[in-house]
Amino acid sequence: MERSTTSLQPSDYTVGWICALPIELAAAQEMLDEEHEIIDDKNTCSYTLGRIGDHNVVLATLPAGQTGTNSAAAVAVQLQSDFPAMRFGLMVGVGGGVPGVEDVRLGDVVVSQPQSMHGGVVQYDLGKTRPGGFERTGFLNTPPTVLLNALAQLQARQLRYKDMLSVHISRVKHLPHFSRESAGVDHLYEATYQHVGASTCDGCSKQNLIDRPVRNGPGVRVHHGTIASGNQVMRDGVARDKLSEELGGVLCFEMEAAGLMNRFPCLVIRGICDYADSHKNASWQPYAALTAAAYARELLSVVPAVRDPPMLSEMFGKVLNCPNLALENPSNLLS
């Protein structure tokens, strides 16, 4: 990555890339083709500015120790205020995989894509408690059309083995702690078997491991579907599977996306670092953060750059002047 002294204005940046954890931000920074000097403004000191291909990108992270949907929403609002020409956003980082719907494994990438009754992300802990049980309420917007078009292009590339994901992953080979080898062994335990011991699974019984076939082909697979988002850490295999079934089959659990979808038109990209069960630990986080960041870079390579993009104020004007259109599909306004 090159260090550029080019001086750009806030209106030159059109892509917002949000991370929740420092390890995710570090992986994102390694995906930049060049890093720009910070704009001399008190509001921009918490960002990393740079370029990926033809896109000028702003990397933002949540304040240390402040994860969750509310914190993510606050960062997104500030990002849009500081960079008014933002076209769309990417929420990129790690998440807990659900192994039952597809063959989701550690290090794989899950991407939010509209499916069945959901627009790509569902907030599973928002609703009303009634005598008959918990009733979920609210609906989250779908990603903007420009990103869904890019997803289709990437899926076609992957089917032809033309994607560059492994090349982007290799950009971080100079940092050993991000390597696949440093992540360790990919163990999946039965949902009902609880973790034994401290931070590692050394004390867990190997008899409760699920036997899975050895994979052939590319090591990192990309899955498209529903991501479940909420303000709590999912670390129970039985609850994970029950919620996934109730929601029509989700691929991943995480804690920020629900705070963004109706405020910051974006796509959610998660590298799988655990199985959202009691065996959760941080050993796979660096590699999973890397695979997610590499996919985000690949995605931007097929998104056309727009010269003189519309300001956010112009897009909000569309909403005010065409309320029916906005309510039908708000993501059309940013496509």
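Residues numbered from 1 in each chain as written. Predicted model: local features only at pLDDT ≥ 70, side-chain atom pairs only at ≥ 80, totals over all residues. Heavy atoms only, no water.

1. With respect to helix α6 (residues 237-246)
Then, number 1: The complete set of buried residues in α6 reads Gly-237, Arg-240, Leu-243 and Ser-244. In a view along the axis of α6, the buried residues occupy a sector of 135 degrees, so they form one face of it. Within α6, the exposed residues directed more than 90 degrees away from the buried face are Lys-242 and Glu-245.
Then, number 2: The opening residue of α6 is Asp-236, an N-cap whose side-chain oxygen sits 3.0 Å from the backbone nitrogen of Val-238. (Buried < 20%, exposed > 50% of the residue type's maximum accessible area, 1.4 Å probe, protein only. Helix = DSSP H or I, 4+ residues; strand = E, 2+ residues; numbered from the N terminus. Arc of directions from axis to C-beta. Polar contact = N/O pair within 3.5 Å; in protein donor to acceptor, adjacent residues only side chain to side chain.)

2. Focus: the confidence of the model for the chain
Then, number 1: For the chain, the mean per-residue pLDDT works out to 88, and 87% of the residues sit at or above 70.
Then, number 2: Considering only residues more than four positions removed or in separate chains, one finds that residues 315-335, a stretch of pLDDT under 50, has 22 contacts. (pLDDT = per-residue confidence, 0-100. Contact = heavy atoms within 4.5 Å.)

3. Notes on the packing of aromatic side chains
Then, number 1: One pass over the structure, following the stated rule, counts five aromatic pairs.
Then, number 2: Between Tyr-13 and Phe-83, the aromatic rings sit 5.8 Å apart at their centres with planes inclined by 75 degrees, giving edge-to-face as the arrangement. Here the residue Tyr-13 occupies a position in the loop between β1 (2-3) and β2 (15-19), and Phe-83 occupies one in the loop between α2 (69-82) and β6 (88-97), the gap between them amounting to 70 residues. One exposure class covers both Tyr-13 and Phe-83, and it is buried.
Then, number 3: Considering the side-chain rings of Tyr-124 and Phe-253, the 5.4 Å spacing of their centres and the 80 degrees angle between planes classify their relative orientation as edge-to-face. Here Phe-253 lies in strand β13 (residues 252-254) and Tyr-124 lies in the loop between β8 (121-123) and β9 (127-130), a separation of 129 residues in the sequence.
Then, number 4: Relative accessible area serves as the criterion here: at 4%, Tyr-124 is assigned to the buried category. (Phe/Tyr/Trp six-rings, centres within 6.5 Å; stacked < 30°, edge-to-face > 60°.)

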